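# Observations on the model geometry
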Amino acid sequence: MSTEPLLRCRCLLHTASWLVPAPERANWLAARLSILRNWTILIDRGEITLRAEPDIIRYCWRSFADAVHLWFNPAQFHNLLRRPSLVPLLGALLIAVSAFLSGGFRATHAFFHNIVTQPSSDSVVPYCILFTFSLLIAAFTIAQRRRALHWHSWSYSAFFAAKLAAVLSFVPAGWLEFHALILAHRPHAELPFILSALSSVVIYIVGLTSALRWCYIDQSLRCPVCLKLLNLPVAIGSWSSVFDPANTELVCDDGHGSLLIPEADPGADERWTTLDPSWRDVLEPAKSA
Ligand SMILES: [Zn+2]
């Protein structure tokens, strides 16, 4: 095989390799370069003709599609969903769509402008009562779950604080926009007004409580080192056994540690165990399975 097509093929493979997910990139490129090397040896020996060259170049171009396809295999997709970066990305997307649909959060601006200019306004006190009542319900439902948070690093605390701040800002703002929409389109009859006001209150309480519960449960199921959602749940023990009660064990597939969740005794504490670095090699095949 002449030098120019060979060089072009190598360039194509190296470029395509940047589209491959990082953990698989080195092996993927090594395998393709090895196939290319075998082909050139066969051509040089005369075992296949030079007419195979276009096929080899086509194979290298097809590597781009193969590299992109790797992102869509189920294991890779599942891995992507557990990354912490997905949370701010989806949050930013949700805020951008809401801002677009609400004309830049017009009702929220008007509400806070009203608070600043008329602190004794009729709408401020009921809203503060509703907000406090929702926080109390959220705190009560979270306390029922008895999930432990694992404060091992500043990034873990910062991630939780950022989620809470985003939820406590976005949900009330989203509700104000929704409430303004309902008020703008409600019929003038009294009964539909009461129904619409009641449904708005219920939506506010359920929405804020659910969002805060999600913050807490999502955080309790994340690795305190890399912030990825824990994976590979394994049921241990038996519901009928006193000495070996039912537990669920989750593990960080980067090998940072494991979390034991007591299922049979909801009052018992969850236990985080830091794993030895040698576990990373053991868990590597499970990550891509
Ligand atoms: Zn981890």
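Model, not experiment: these values are computed from the prediction.

## A short note on the overall build of the protein
A tally of regular secondary structure across the protein gives ten helices and four strands. Along the protein, from the amino end to the carboxyl end, the secondary structure elements read α-α-α-α-α-α-α-α-α-β-β-β-β-α. Within the protein, the fraction of its 289 residues that count as buried is 15%. Counted over contacts in the protein with a minimum sequence separation of 6, partners at least 24 positions apart contribute 60%.

## Concerning the sheet that holds strand S2 (residues 247-251)
The four strands lie next to each other as S1-S2-S3-S4, forming an open sheet whose pairing is antiparallel. Looking along the sheet, the strands with just one partner apiece sit at the ends: strand S1 (231-236) and strand S4 (271-274). The mean inter-strand angle of the sheet, taken between neighbouring strand axes irrespective of direction, is 20 degrees. Bridge count for S2 against strand S3 (residues 257-262) is five bridges, and the pairing is antiparallel. Each residue of the ladder has a partner; that of Glu 249, found in S3, is Leu 260.

## Focus: the nonpolar core
Core analysis: the biggest nonpolar cluster contains eleven residues, these being Phe 111, Ala 138, Val 167, Ala 173, Trp 175, Leu 176, Tyr 204, Leu 208, Leu 212, Cys 215 and Tyr 216. Element by element, the count of residues in this core is highest for helix H9 (residues 190-220), at five residues. With residues up to four places along the chain from it excluded, the contact list for Val 167 reads Ala 211, Leu 212 and Cys 215.

## Digging into the environment of Pro 54
Its place among the elements puts Pro 54 in helix H3 (residues 53-69). Residue class for Pro 54 comes out exposed when judged on the 10 C-beta atoms lying within 10 Å of it. Along the primary structure Pro 54 and Pro 5 are separated by 49 residues, whereas in three dimensions their C-alpha atoms are 9.2 Å apart.

## Topic: the pairing of S1
With respect to burial, S1 is a largely exposed element, only zero of its six residues being buried. As defined by bridge partners, S1 adjoins S2 across four bridges and the pair is classed as antiparallel. In the strand pairing of S2, Ala 235 is matched with Thr 248.

## Quick notes on the environment of Arg 25
Residue placement: Arg 25 occurs in helix H2 (residues 22-45). For the pair formed by Arg 25 and His 14, sequence separation is eleven residues and the distance between their alpha carbons is 9.9 Å. Once you skip the residues sitting within four places of it in the chain, Arg 25 turns out to touch Ser 17 and Val 20.

## So, unusual backbone geometry
Phi is positive for Phe 105, which is not a glycine, with a value near 55 degrees. For Phe 105, the location among the structural elements is in the loop between helix H5 (86-101) and helix H6 (106-117). Phi at Leu 232 is positive, roughly 50 degrees, even though this residue is not glycine. Mapped onto the elements, Leu 232 comes out in strand S1.

## Comments concerning the environment of Leu 81
If you trace the backbone, Leu 81 turns up in helix H4 (residues 74-81). Counting along the chain gives 147 residues from Leu 81 to Lys 228, while the straight-line C-alpha distance between them is 9.1 Å.

## Considering the confidence of the model for the protein
When the pLDDT values of the protein are averaged, the result is 81; 87% of them are 70 or greater. Taken element by element, the predicted model of the protein shows its lowest mean pLDDT in helix H10 (residues 279-288) (65) and its highest in H5 (90).

Conventions we followed
- Residues numbered from 1 in each chain as written.
- Predicted model: local features only at pLDDT ≥ 70, side-chain atom pairs only at ≥ 80, totals over all residues.
- Helix = DSSP H or I, 4+ residues; strand = E, 2+ residues; numbered from the N terminus.
- Buried ≥ 20, exposed ≤ 12 C-beta atoms within 10 Å, placed from the backbone.
- Contact = placed C-beta atoms within 7 Å.
- Pairing = 2+ DSSP bridges.
- Axes fitted to C-alpha atoms, helices over the stretch in contact; angles between N-to-C directions.
- Core = buried A, V, L, I, M, F, W, Y, C linked by C-beta atoms within 7 Å.
- pLDDT = per-residue confidence, 0-100.

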